[in-house]
Amino acid sequence: MNKKKKRIRKKVIGSTTRPRLSVYRSNQHIYAQIIDDSNGYTLVQSSSLEKEIKTDLNSGNNCEASIQVGKFIAIRALAKGLTTVVFDRGGKLYHGRIKALADAARDHGLSF
C-alpha cells in the first residue's frame, strides 16, 4: 500500500453501522465495493466487468461505466439494508470517473 492510501486509511474506516465504499480505478475498468472493516469482509461489490453493465457500454473506462457501477452498488447496498457509507476514493482525485460513480450512488439512495 502506498503512502497516500495509508494516510487516507487511517482516517477513513468502515464499521458495521457505516461501512466503507472503496473505489478502485484502473486504466480499463472501475471497481467499487462496500467493506466492513471491523469484521474484515466485503458486503457488496460491483464493477464495469459485470455482464449487466458490460452489455450496455462500449468501454469500461469512461464516465458512463462509472455511473452504471455507482447505480448498481447503490441498489445492491439498499437491498442489504445499507443506507450510509464512508467514501474512500483510493487516493485518486475527486473528479471524472470517481465523481461520476459517487454522484450516481448518491442519486440512487446512498448517503455519504
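Since the structure is predicted, the reported quantities are computational estimates derived from the model, not experimental observations. Sequence order as written defines residue numbering, which begins from 1 separately in each chain. Under the rules for a predicted model, residues below a pLDDT of 70 receive no local features and side-chain atom pairs below 80 are neither given nor counted, while totals for whole chains, interfaces and linings still include all residues. For the side-chain quantities, the full set of heavy atoms in the structure was used; hydrogens and water were omitted.

> Talk me through the environment of Ile-98; I want residue IDs and the actual numbers.
Tracing the backbone shows Ile-98 in helix H4 (residues 97–107). When the C-alpha atoms of Ile-98 and Phe-87 are compared, they prove to be 10 Å apart, with 11 residues separating the residues in sequence. For this analysis, residues touch if any pair of their heavy atoms sits within 4.5 Å. Those residues within four positions of Ile-98 in sequence are excluded, and the remaining contacts are Val-23, Arg-25, Phe-87, Arg-89, Lys-92 and Leu-93. The helix and strand labels rest on DSSP assignments: H or I over at least four residues marks a helix, E over at least two residues marks a strand, and numbering proceeds from the N terminus.

> Would you mind going over the pairing of strand E1 (residues 20–25) in detail, with residue names and values included?
Sheet topology note: the E1/strand E2 (residues 30–36) ladder contains six bridges and is antiparallel. Paired with Arg-25 across the strands is Ile-30, a residue of E2. Pairing between two strands requires that DSSP report at least two bridges joining them. The turn joining E1 and E2, which pair antiparallel and follow one another in sequence, is formed by four residues. Looking at chain direction, E1 and strand E4 (residues 86–88) are connected through three bridges and run parallel.

> Outline the packing of aromatic side chains, listing residues and values.
What counts as a ring pair is set by centres within 6.5 Å for rings of Phe, Tyr and Trp (its six-membered ring), and what kind of pair is set by the plane angle: stacked under 30 degrees, edge-to-face over 60, tilted for all other angles. Enumeration according to the criterion identifies three aromatic pairs in this entry. On the basis of an interplanar angle of 85° and a centroid distance of 6.1 Å, the ring pair of Phe-87 and Tyr-94 is categorised as edge-to-face. Note on exposure labels: buried denotes an accessible area under 20% of the residue type's maximum, exposed denotes more than 50%, and partly exposed covers the range between, all computed with a 1.4 Å probe on protein chains only. By relative accessible area, which is 18% here, Phe-87 ends up buried. The rings of Phe-87, Tyr-94 and Phe-112 are connected pair by pair, giving a single aromatic cluster.

> Before we move on, could you go through the pattern of salt bridges and cite the residues and values that matter?
Put simply, a salt bridge is a Lys or Arg side-chain nitrogen that is within 4 Å of an Asp or Glu carboxyl oxygen. For the coordinates displayed, the defined rule picks out seven salt bridges. When the shortest N-O distance is used, the salt bridge between Asp-88 and Arg-20 registers 2.9 Å. Of the two residues, Asp-88 sits in strand E4 while Arg-20 sits in strand E1, which places them 68 residues apart along the sequence. Take Asp-88: its relative accessible area is 2%, and that puts it in the buried class. Its salt-bridge partner being Asp-103, residue Arg-106 comes within 3.4 Å of it at the nearest N-O pair. You can see Arg-106 and its partner Asp-103 sitting in helix H4, three residues apart, about one turn around the helix. The network of salt bridges with shared partners includes Arg-9, Arg-20, Asp-37 and Asp-88.

> Describe in detail the pairing of E2, supporting the description with residues and values.
Counted residue by residue, E2 has five buried out of seven residues, so it is predominantly covered. In the sheet, E2 pairs with strand E3 (residues 41–47) via six bridges, with the strands oriented antiparallel. Across the sheet, residue Ala-32 finds its bridge partner in E3, namely Ser-46.

Spatial relationships are all this shows, so hold off on functional conclusions.
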